[in-house]
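For reference, the chains in residue letters:
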Amino acid sequence: MEISYDSSSASAVTVGGGGSGRRQVKLIPLRHPDPSSFSSSSHPIKGWLAELRQMTFLQWVELLFPCYRWIRTYKWKDYLQSDLMAGLTVGTMLVPQLAVGPVALVSLLVSNALSGIVDPNDRLYTELAILLGFMVGVLECIMGLLRMGWLIRFISHSIISGFTTASAVVIGLSQAKYFLGYDIVRSTKIVPLMKSIVAGESNFSWPPFVMGTITLVVLLLMKYLGKSKKKLRFLRAAGPLTAVILGTAFMKLFHPSSISVVGEIPQGLPTFSVPKEFDHVKGLMPAAFLITGVAILESVGIAKALAAKNGYELDSNQELFGLGLANICGSFFSAYPTTGGFSRSAVNHESGAKTGLAGIFTAIIIGCALFILTPLFTDIPQCVLAAIVISAVIGLVDYDEATLLWHINKKDFLLWAIACIVTLFLGIEIGVLVGVVASLAFVIHESANPHIAVLGRLPGTTIYRNIQQYPESYTYSGIVIVRVDAPIYFANISFISDRLQELVLSGKRSGVGGSETEKVHFVIIEMDPVTYIDSSAVQPLKDLYYVYKSHNVQLAMVNPNHKVWKRLTISGVLELVGKEWHFVRMHDAVQVCLQHMQSLKEIPRGAEMTGKDESVGPVFEVREQNKGDLDPEGEALV
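As the structure is a computational prediction, the values presented were derived from the model and not from experiment.

1. A short note on the overall build of the protein
Right, on to step 1. Summing up its helical and strand segments, the protein has 24 helices and eight strands in all.
Right, on to step 2. Per-residue burial over the protein gives 46% buried out of 638 residues.
Right, on to step 3. Carbon and sulfur atoms make up 61% of the accessible area of the protein, which totals about 32,100 Å².

2. Quick look at the sheet that holds strand 3 (residues 452–457)
Right, on to step 1. Sheet architecture is open: six strands sit in the order 4-3-5-6-7-8, paired in mixed fashion. Edge positions in the open sheet fall to strand 4 (464–466) and strand 8 (582–583), since each of these has one partner strand only.
Right, on to step 2. Contacting strand 3, strand 5 (479–484) and strand 6 (522–526), helix 20 (residues 493–505) crosses the sheet at an angle of about 40 degrees to strand 3.

3. A few points about the nonpolar core
Right, on to step 1. The biggest cluster of nonpolar side chains holds 53 residues, and the ones touching the most others in it are Ile 479, Val 482, Val 523, Ile 524 and Ile 533.
Right, on to step 2. The leading source of residues in this core is helix 24 (residues 586–601), at seven residues.
Right, on to step 3. Every residue in contact with Val 482, bar those within four places of it in the chain, is listed here: Ile 452, Ala 453, Val 454, Leu 455, Leu 500, Leu 503, Val 523, Ile 524, Ile 525 and Glu 526.
Right, on to step 4. Counting residues in hydrophobic clusters, the runner-up holds 32 residues, among them Ala 168, Val 244, Ile 302 and Val 389.

4. Notes on unusual backbone geometry
Right, on to step 1. One non-glycine residue, His 255, lies in positive phi territory at about 50 degrees.
Right, on to step 2. Checked against the element boundaries, His 255 lands in the loop between helix 11 (234–254) and helix 12 (281–310).
Right, on to step 3. Backbone geometry places Glu 277, a non-glycine residue, at a positive phi of 60 degrees.
Right, on to step 4. Among the structural elements, Glu 277 can be located in the loop between helix 11 and helix 12.

5. Some thoughts on the side chain of Asn 327
Right, on to step 1. Mapped onto the elements, Asn 327 comes out in helix 13 (residues 316–331).
Right, on to step 2. In contact with Asn 327, not counting residues within four places along its chain, are Gly 133, Phe 134, Val 136, Gly 137, Glu 140, Tyr 336, Pro 337 and Thr 338.

6. Overview of the packing of aromatic side chains
Right, on to step 1. Applying the stated criterion to the full structure yields 16 aromatic pairs.
Right, on to step 2. Between Tyr 74 and Tyr 79, the aromatic rings sit 5.7 Å apart at their centres with planes inclined by 75 degrees, giving edge-to-face as the arrangement.
Right, on to step 3. Members of the aromatic cluster, joined through ring pairs, are Phe 134, Phe 272, Phe 278, Phe 332 and Phe 333.
Right, on to step 4. Between Lys 410 and the ring centre of Trp 406, over which it is positioned, the NZ or CZ distance is 4.7 Å.

7. Digging into the packing of helix 7 (residues 157–174) against helix 19 (residues 428–448)
Right, on to step 1. Close contact between helix 7 and helix 19 brings their axes to 10 Å; oriented N to C, the two are set at 165 degrees. Classified by the angle their axes make, helix 7 and helix 19 are roughly antiparallel. In this structure, helix 7 crosses over helix 19, and the sense of that crossing is right-handed. Between helix 7 and helix 19, the contacting residues are Ile 159, Phe 163 and Ser 167 on the first element and Ile 428, Val 432, Gly 435, Ala 438 and Ser 439 on the second.
Right, on to step 2. Grouping the constituent residues of the contact of helix 7 with helix 19 by class yields five nonpolar, three polar and no charged.

8. Here we look at the pairing of strand 3
Right, on to step 1. Here strand 3 lies mainly inside the structure; six of its six residues are buried.
Right, on to step 2. What you see with strand 3 is no split at all: Ile 452, Val 454 and Gly 456 on one side and Ala 453, Leu 455 and Arg 457 on the other are buried throughout.
Right, on to step 3. As paired elements, strand 3 and strand 5 share three bridges and run antiparallel to each other. Within strand 5, the residue paired with Val 454 across the bridge is Val 482.
Right, on to step 4. Between the end of strand 3 and the start of strand 4, which pair antiparallel, lie six residues, with Gly 460 showing a positive phi angle near 75 degrees.

9. Let's talk about empty space enclosed by the protein
Right, on to step 1. Taken as a whole and judged by the stated rule, the model has four cavities of 30 Å³ or more.
Right, on to step 2. Of the voids in this model, the largest cavity is the one considered here, and its volume is about 90 Å³.
Right, on to step 3. Within the residue set of the lining of the largest cavity, elements represented by two or more residues are helix 10 (206–228), helix 11, helix 14 (342–350) and helix 16 (382–394).
Right, on to step 4. For the lining of the largest cavity, the element with the most residues is helix 11, which contributes four residues.

10. Some points on the confidence of the model for the protein
One rule of thumb: low pLDDT means the predicted coordinates there are not for detailed reading.
Right, on to step 1. Looking at the protein, the pLDDT average stands at 78 and 81% of residues meet or exceed 70.
Right, on to step 2. Low confidence marks residues 603–638, where pLDDT is under 50. Its contacts with residues over four positions away, or in another chain, come to 74 contacts.

Thresholds applied
- Residues numbered from 1 in each chain as written.
- Predicted model: local features only at pLDDT ≥ 70, side-chain atom pairs only at ≥ 80, totals over all residues.
- Heavy atoms only, no water.
- Helix = DSSP H or I, 4+ residues; strand = E, 2+ residues; numbered from the N terminus.
- Buried < 20%, exposed > 50% of the residue type's maximum accessible area, 1.4 Å probe, protein only.
- Areas by Shrake-Rupley, 256 points an atom, 1.4 Å probe, with all protein chains shown as cover.
- Pairing = 2+ DSSP bridges.
- Contact = heavy atoms within 4.5 Å.
- Axes fitted to C-alpha atoms, helices over the stretch in contact; angles between N-to-C directions.
- Core = buried A, V, L, I, M, F, W, Y, C linked by side-chain atoms within 4.5 Å.
- Phe/Tyr/Trp six-rings, centres within 6.5 Å; stacked < 30°, edge-to-face > 60°.
- Lys NZ or Arg CZ within 6 Å of the ring centre and 35° of its normal.
- Parallel < 35°, antiparallel > 145°, perpendicular 65-115°, else oblique.
- Left-handed = near helix turned anticlockwise from the far one by under 90°.
- Nonpolar A, V, L, I, M, F, W, Y, C, P; charged D, E, K, R; others polar.
- 1 Å grid on protein atoms, 1.4 Å probe; cavity = no way out; pocket = protein on both sides within 12 Å on 5 of 7 lines; lining within 4 Å.
- Points joined across faces, edges and corners; volume = space filled by probe spheres on them.
- pLDDT = per-residue confidence, 0-100.

And the structure:
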């Protein structure tokens, strides 16, 4: 019986022995790559340069000025009011923090790095801090230009959510001193913060606590009303600014001495100056790399968290370049390393910001305040600013995500818990490192132990799927069909090789569709999910072939992509296995294997195998489920 497919490119291949059992199978030929093209594989840098040369003028404008992307699509009626309110709110919050405010993570890292080199009271300390900002900016710009934002993809959403949640708790507790009326220790760990809060209870003051609590309740109520009722959504954006205005008016009218205020703020902008002390660059490099990594994680972490909440895409490369440019420019105006902060980003988001225009409004507010408006900010109560920060970071405590992960994937919940607990108890710095290591360890484990599925044919089709997912699928006696769901490289080739040998050489059908033991003659590997094979995996593949050959098992491969096919050809795997054992479609491979097995059925038991049939193995028997249960194209189904 002839088996054919509707394909103009199909070629007839006759397999099997002589006699009436011989059938002709029409196969789609696998296109072999031209060996002359192997040396012309594109280099990543050349490809990147080619992309740059093909960019249009508008694409260059978007690359150098990312704001152009949202400016040209800006919805003035929908976004202007929200951006204006957010800019005013964040600007009002930031101006007082130019004089005093919570210690940020990057500030702690800068302090730890420089304290071991120079005394904090020395002028050199300031110069090195500015130089460090310049170095961090250069590193971030280089990473952005080299498109290394993909590194951030290795940090899972679970890690970022856990880290963000813990950081929000720490930041919220660091604001407690403005509610309680006494100083607490500056720390990024929850235990020292709690101990300090409890130890200073004798200095507790009611007025700031009452004022801060009322402000916080009002802010949360306005946020809730703004979210739940469409007509009142302006309340969400107006809440922080309303709190500042009312708090300042209260202080100017009643002047309570027990409530601390911002006080005098330095006036004017810093002067232009070039970073100095470049002879210390070598000694500052470790600190620069550490601060760069932490700053990126903090900034991109909050950016990814907000992107997930609002449903938009984040360009990590653009984020890196923007951070780097901000640090480089800032270093010429006496700024030390900066990054996108959790609390300020949260306030900006909760105030209703829609686009980067909110940041422009914030900059205008800060600029005007530094020149002419500083007297207006002197009487802002610290407890009101603390309430604004706490109400903003409450939204970053992502307990809903933890609950969801617990029900969906326990491994992801474990990553979330590790990042959250370590950050809370060991500090943000160690939390960042442990979170990154845990995330990478999870990726490496999954990559080194890829999923390998045993496939069967769905009834009435030529489609092959995982037999565990589709238990009704057919399998064939003497043929094992497997799919490797990962690239094959040095870290996982040992696992893949061991698994393939175990499936075949053990002879156990428990993983293939039955409980009995039987001889395997053919192994067909579905190569479509294998996107890459490195040179370290080539020799183990050859060793696997020789192991199969020693047991009279023939290896076949189906549908390798162009890159994998080139690697197999250059390494000699193609010639070793044989071109005739590489196929475009899985069903073609199965048909050929069945034909070979049918030809073996005609050979007397014990007969010596010679030539091409030697790799096929001894006589076998194709078993039928029912006499009438045949494949639509004629072969027996087992």
